[in-house]
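# Breakdown of the fold
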Amino acid sequence: MITNGEMLVEEDTLRRTLDALLEGAQLIAPDWTYLYLNPVAAKHGRMPREELVGKTMMECFPGIENTDMFVKLRLAMEERIAQRLTNEFTYPDGTKAFFDLRVEPVPEGIFVLSVDVTRQHLTEQVLRQAQSELERANIALDKHRQELEQDIAERIQELKVAKEAAEAANQAKSRFLASMSHDLRTPMFGVVGFTELLLESDLDPTHRTYVRLIEQSANSLLGLLNDVLDFSKIEAGELELDRAPLRLDELLGESMQTQAVRAVDKELELVYRLPPELVDLVLEGDRLRLRQIIDNLVGNAVKFTDKGHVMADVSIKSLTKENVVLLVEVKDTGVGIPEAKQENIFEAFHQLNLHDNRQEGGVGLGLAIASRLVEQMGGKVGLRSQPGKGSTFWFTVSLKIHQASPRPQHSSKSLLGCRVLVVDDKAMNRKILTEVLGNWGVVTTQATSGPEALDLLQQATNMGQPYALVLMDNYMPGMDGIEVADKIRNDLKLKRLPIILLSSAALGFGQPAQLTELNIARSLPKPVKQLELWTVLTELLSEAPEEARDAPHTTPAKGHLLPRRVLLAEDSKVNQVLMMRLLEKRRHLVTLATNGQEAVDLYTPGRFDIILMDVQMPELDGLQASQKIREIEQDTGTYTPIIALTANAMKGDRERCLAAGMDDYLSKPVRADDLYAAVERINSHASNSAKAS
């Protein structure tokens, strides 16, 4: 039997527990008297809880009985039915707040838990307003462009002086578009970034749908802004090509994987073919612009292809010790392009409409930008197409050879003669994978389905010629890769056979626990990068015996992400919150400086692994702050990488950043993946060694 003393102890413990909750907690009697409120609930009511307890809701908040919320509370009180609702509440001073309420009937009346979601609600309102404002700005900008072009066309027909004036106006238009794009990119950083963060929060399905639509609209608008800015820079002669090391294998893989979502929606296969001699070459060129050309051509192919595949095929036109001339062909199985429509396809603002209605967005700049970039690189661009037989967009480019990176001799030999079963229902995928593996001396067998793969594995085992590894697509009709792997693991003769699972980056691989349970050796995104595949194969097969080259029974540990110590110099409060949230998600340690002078004051040699420096800040701008930090380092012999953050992307910006002592720059709005790549490629706690001269 519980004594009065024990009951008092339990009541005290319960009260302490409720007082410590981060949610508001209220106990309301049937006569609507507040029996109990915790501190958070009193804060929601904006009154001391001593003034609330013992009074009715109507006494504390006159008129509350006329609200929709009170109707829900009455239903819970009288019908003993639990309720959950989002409520808009107006305080006596006229201010509004929004709360998520959970109402549970209890013997004493009703128990109410409340969470203040005002910030989330207002954020969504701001995002919707920003989207609306950006759309109106885009409409106004497009209208201005149309009016200006019409004016130019009329004046060209009049006389030579008018023609010269029109050309000058066109240059002014380009500068105006570049300036306008710059001004819009900064708020777009907040829109895109916070949308990504919202999607990772605990949203109900309706709100998640709304945020995804905002994200799609924001990404579409950002793509248009980037196209307008790039075209303006080209027209104004402001675009300069960079030269830095690059690997074609990584560039092609990244480009194809970015198109994965749109391709999956259409059930298209994305593949690329790269000669083996190019995989080991580090080339020199403008990686960003070369990637942009491929992105535009591949994106255009996906846009006008409804079934089949899109393939990027790279071949060598000429090769010397110092240079390589490449032919890059983007081939699709789409509807094809009539000859009459091919003539103007690379012109600016030309909309290729192969369907009866316009199903995709865009302003007709993608192919025009690709063409201009190829020409600026000294190459050529062209098209081959027939209606009903698909299209091939091609371009040539000459790149300097930075260095060759031959693979270790012992690793290359470890793949010779290994027997690998390639499982994929798509013929093009099997063909590409078989070609790649064959270049490395791997003996391959193809299976078009899960059941066929299981039969081949059984036959090979019974004949004493087992396969060393299975390279398998995850998403296949009838029996998918996970189901095949499960059957393999249930076979005593095959349960230790290494399995590499391939899947589109847009579809994912399923639950990590499931992959671990099935002892999947590796899971790689499609289209798989050759160097990545080669590295995994050599790790798994390097110790294989002659008869089968069985993979090791344990999966090597995956890389561990080390937190970086980051000094973030940023004066925009929106960008401060966004950048810190993104970096802290990856466990990086962030110190904030709100202006350039504060960044210099916070800097101590050896304290940070990397500095993210906004260029435009009060007191000291990012360029001046970087110069002062480099002066400090001259006395200490240390060096901390500095990455500029800027919404500018015009001619000379990169040179000014480098001249101020910065190492590189990220153009706003910064994508989360680009931010992580810039920060995480720095070796933690090792960046402050003296920079090699």
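An account of the accompanying structure is given in this report. (Residues numbered from 1 in each chain as written. Predicted model: local features only at pLDDT ≥ 70, side-chain atom pairs only at ≥ 80, totals over all residues. Heavy atoms only, no water.)

Interhelical geometry of helix α16 (residues 450-462) versus helix α17 (residues 481-489) gives an angle of 25° and a closest axis separation of 10 Å. What the angle tells us is that α16 and α17 run roughly parallel. In this structure, α16 meets α17 at a crossing whose hand is right-handed. Contacts between α16 and α17 involve Gly450, Leu454 and Leu457 on the former and, on the latter, Val484, Lys487 and Ile488. Classifying every residue of the contact of α16 with α17 gives four nonpolar, one polar and one charged. (Axes fitted to C-alpha atoms, helices over the stretch in contact; angles between N-to-C directions. Helix = DSSP H or I, 4+ residues; strand = E, 2+ residues; numbered from the N terminus. Parallel < 35°, antiparallel > 145°, perpendicular 65-115°, else oblique. Left-handed = near helix turned anticlockwise from the far one by under 90°. Contact = heavy atoms within 4.5 Å. Nonpolar A, V, L, I, M, F, W, Y, C, P; charged D, E, K, R; others polar.)

Attention now moves to the sheet that holds strand β18 (residues 565-569). Strand order in the open sheet made by the five strands is β19-β18-β20-β21-β22, with parallel pairing throughout. With partners counted over all chains shown, the strands left at the sheet margins are β19 (589-593) and β22 (664-667), one partner each. Averaged over neighbouring strand pairs, the angle between their axes works out to 20° when direction is ignored. Lying on the sheet, helix α20 (residues 573-585) is in contact with β18, β19, β20 (610-614) and β21 (642-646); it crosses β19 at an angle near 165°. Helix α22 (residues 622-636) rests against β20 and β21 of the sheet, and its axis sits at about 150° to β20. (Pairing = 2+ DSSP bridges.)

Next up on the list: the side chain of Arg291. Checked against the element boundaries, Arg291 lands in helix α12 (residues 287-303). For Arg291, the residues in contact, after removing those within four places along its chain, are Leu251, Glu254, Ser255 and Thr258.

The next point concerns the packing of α20 against helix α24 (residues 672-680). For the pair α20 and α24, the least separation of the axes is 11 Å and the interaxial angle reads 65°. Every pair of crossing elements has a handedness; the one defined by α20 and α24 is right-handed. For the pair α20 and α24, contact is made by Met579, Leu582, Leu583 and Lys585 and by Ala672, Leu675, Tyr676 and Val679, respectively. Here the residues of the contact of α20 with α24 sort into seven nonpolar, no polar and one charged.

Close approach of charged atoms allows side chains of opposite charge to pair. Inspection of every chain in the model, using the stated rule, returns 26 salt bridges. Across the pair Asp663 and Arg630 runs a salt bridge whose closest N-O atoms are separated by 3.1 Å. Of this pair, Asp663 sits in the loop between α23 (653-659) and β22 while Arg630 sits in helix α22; the two residues are 33 residues apart in sequence, bridging distant segments of the chain. Assessed through its relative accessible area of 11%, Arg630 is described here as buried. Look at the salt bridges and you will find they share partners, linking Arg273, Asp313, Glu329, Lys331, Arg384 and Glu435 into a network. (Salt bridge = Lys/Arg side-chain N within 4 Å of Asp/Glu carboxyl O. Buried < 20%, exposed > 50% of the residue type's maximum accessible area, 1.4 Å probe, protein only.)

These figures come from the coordinates and say nothing about function on their own.
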